[in-house]
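# Working through the structure, step by step
Read off the chains here:
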Amino acid sequence: MQLKDKVAIITGGGRGIGRAIAIAYAAEDVRIVIAARSTEQLDKVATEITDQGGEVLTVPTDLRIQVEVENLVQKTVDRFGRIDILVNNAGINPRGLFLDSTDEEWEQGWQINVMGVVRCCRAVLPIMKQQGSGNIINIGSGMGQVGHANLSVYCASKAALHGLTQAIAEEVWEDGIIANVLIPGPVKTELSRASWENAGTFRAQSDPWKEPEQVVASALFLAAQPPASGMTGQILSIMRRNSP
């Protein structure tokens, strides 16, 4: 009942954690907007949501492009009239030794993992301020707290995301808006396939790999926080340990 008729934008909603969160929110009668670059993936998730009786809007979006982010937000408002929840889930994970990394890899990782979140937040915050309420949930990573070899771009971008979230939270709490980070720990997604198919590159035994659906309970908890009094500027980790 806390989430009924809320409107949520979920980036990276075509697969993995984003898909799982979208389906779970829809089951709680949240009106869903899913964004990703792949129209095919979005359509599949949309079918899953409508088949269970949910309401969903798909908006193909490249988060590297400002006008596409603005289009995502405008279409959401045109369809539903408001935005209650923003889940910044989209991300990429370039792999390789730091000394072998290229400017292109750093630029791409930063444009999606950091600037994609910046663009989405800048686009929705004026609407949330006008409403007097809003809830931003950024999907972080334990690698943003403790670095991991061969993943310097990802580690650096997630560390930046954590700081960004806390800074935003400090600026908008008086407007009735909260912003938090959810660290899911190791999850079996396409983004992490190279790691979970080769368990030797990760502490798979001490922090078992989750399925995306195992992140849902925490995502629901954060979404249900009352913007006027809920936790904000916090990093909620569901990892078993504090190292990657």
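Nothing here was measured: the structure is a model prediction, and the numbers come from that model. (Residues numbered from 1 in each chain as written. Predicted model: local features only at pLDDT ≥ 70, side-chain atom pairs only at ≥ 80, totals over all residues. Heavy atoms only, no water.)

Looking only at helices and strands, the protein chain has eight helices and seven strands in total. Its C-alpha radius of gyration of 17 Å places the protein chain within 12% of the 18 Å reference for a compact globule of 244 residues. With the C-alpha coordinates aligned to their principal axes, the bounding extent of the protein chain is approximately 45 × 40 × 35 Å. When each of the 244 residues of the protein chain is scored for burial, the buried share is 51%. Expressed as a percentage of contacts within the protein chain between residues at least 6 apart in sequence, the contacts between residues at least 24 apart total 70%. Here the protein chain has roughly 10900 Å² of accessible surface; of this, 49% comes from carbon and sulfur atoms. Charge centroids of the protein chain, computed over 22 positive and 27 negative side chains, lie 4 Å from each other. (Helix = DSSP H or I, 4+ residues; strand = E, 2+ residues; numbered from the N terminus. Rg over C-alpha atoms; globule rule 2.2 N^0.38 Å. Buried < 20%, exposed > 50% of the residue type's maximum accessible area, 1.4 Å probe, protein only. Contact = heavy atoms within 4.5 Å. Areas by Shrake-Rupley, 256 points an atom, 1.4 Å probe, with all protein chains shown as cover. Lys, Arg positive; Asp, Glu negative; His and termini not counted. Charge placed at Lys NZ, Arg CZ, Asp CG, Glu CD.)

Before going further, it helps to spend a moment on the environment of Ser141. Here Ser141 lies in the loop between β5 (134-139) and α6 (152-172). Judged by its relative accessible area of 9%, Ser141 is buried. When the C-alpha atoms of Ser141 and Ile183 are compared, they prove to be 4.8 Å apart, with 42 residues separating the residues in sequence. Discounting residues that sit within four places of it in the chain, Ser141 has contacts with Tyr154, Lys158, His162 and Ile183.

Quick look at helix α2 (residues 39-51) now. Over its 13 residues, α2 runs 18 Å from end to end, which matches the ideal 18 Å to within 8%, given 1.5 Å per residue. Within the sequence span of α2, burial applies to Leu42, Val45, Ala46 and Ile49. Buried residues of α2, seen end-on, are gathered within an arc of 105 degrees and therefore sit on one face of the element. Away from its buried face, by an angle of more than 90 degrees, α2 presents the exposed residues Glu40, Lys44 and Asp51. Buried positions along α2 lie against α1 (16-27), β2 (31-36) and β3 (56-60). (Expected span 1.5 Å × (residues − 1). Arc of directions from axis to C-beta.)

Another point: the pattern of salt bridges. Applying the stated rule across the entire model yields eight salt bridges. The salt bridge partner of Arg82 is Asp84, with a shortest N-O separation of 2.9 Å. Among the residues examined, Arg82 registers a relative accessible area of 28% and is labelled partly exposed. Where salt bridges share partners, they join Arg19, Glu48 and Glu213 into one cluster. (Salt bridge = Lys/Arg side-chain N within 4 Å of Asp/Glu carboxyl O.)

Let us now look at the packing of helix α3 (residues 66-80) against helix α5 (residues 115-131). At their nearest, the axes of α3 and α5 sit 9 Å apart, and the two run at 35 degrees to each other. Viewed along their axes, α3 and α5 form a crossing whose handedness is right-handed. Along its contact with α3, which presents Gln66, Val69, Val73 and Val77, the element α5 presents Arg119, Cys120, Arg122, Ala123, Val124 and Ile127. Split by residue class, the contact of α3 with α5 holds seven nonpolar, one polar and two charged. (Axes fitted to C-alpha atoms, helices over the stretch in contact; angles between N-to-C directions. Left-handed = near helix turned anticlockwise from the far one by under 90°. Nonpolar A, V, L, I, M, F, W, Y, C, P; charged D, E, K, R; others polar.)

Purely spatial values, then, with no claim about function.
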